[in-house]
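Here is what each chain is made of, one letter per residue.
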Amino acid sequence: GFGTSELLRVTSPAGGLMGKGVSLERAIKVSRRYRPTADGIDVLEIVKTYRVMDGVAGTEMPTSLTKSRLKLQRPTDQTRVGL
């Protein structure tokens, strides 16, 4: 198989006690691994978020982690609609 890795920066309003006009920055790393199978492709996606302090992401300790498993299947003649 093969894989990809992306590093993104997300800015969102802080809200709550922080008041209006205050925003939070987070760094997000999205890693995907693709593995071909006989009937399609298996995908493992891992999303990690990190705190950003003074413009520097603390990548040694993620604040959250999500793992997703996806199955991409090739259509068969029975599943094709409208062709």
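What you are looking at is a predicted structure, and each value in this text was computed from that prediction instead of being measured.

(A) How the structure looks around the pairing of strand E2 (residues 23–37). Judged from the twelve bridges that link them, strand E1 (residues 2–13) and E2 form a sheet pairing that is antiparallel. Bridging across to E2, Glu6 finds its partner in Val30. Examined bridge by bridge, E2 and strand E3 (residues 40–53) share twelve bridges and lie antiparallel to one another. Paired with Arg26 across the strands is Arg51, a residue of E3.

(B) Broad picture of the confidence of the model for the chain. On average, residues of the chain score 85 in pLDDT, and 87% of them reach the 70 mark or higher. Taken element by element, the predicted model of the chain shows its lowest mean pLDDT in strand E4 (residues 56–57) (82) and its highest in strand E5 (residues 64–73) (94).

Definitions and cut-offs
- Residues numbered from 1 in each chain as written.
- Predicted model: local features only at pLDDT ≥ 70, side-chain atom pairs only at ≥ 80, totals over all residues.
- Heavy atoms only, no water.
- Pairing = 2+ DSSP bridges.
- Helix = DSSP H or I, 4+ residues; strand = E, 2+ residues; numbered from the N terminus.
- pLDDT = per-residue confidence, 0-100.

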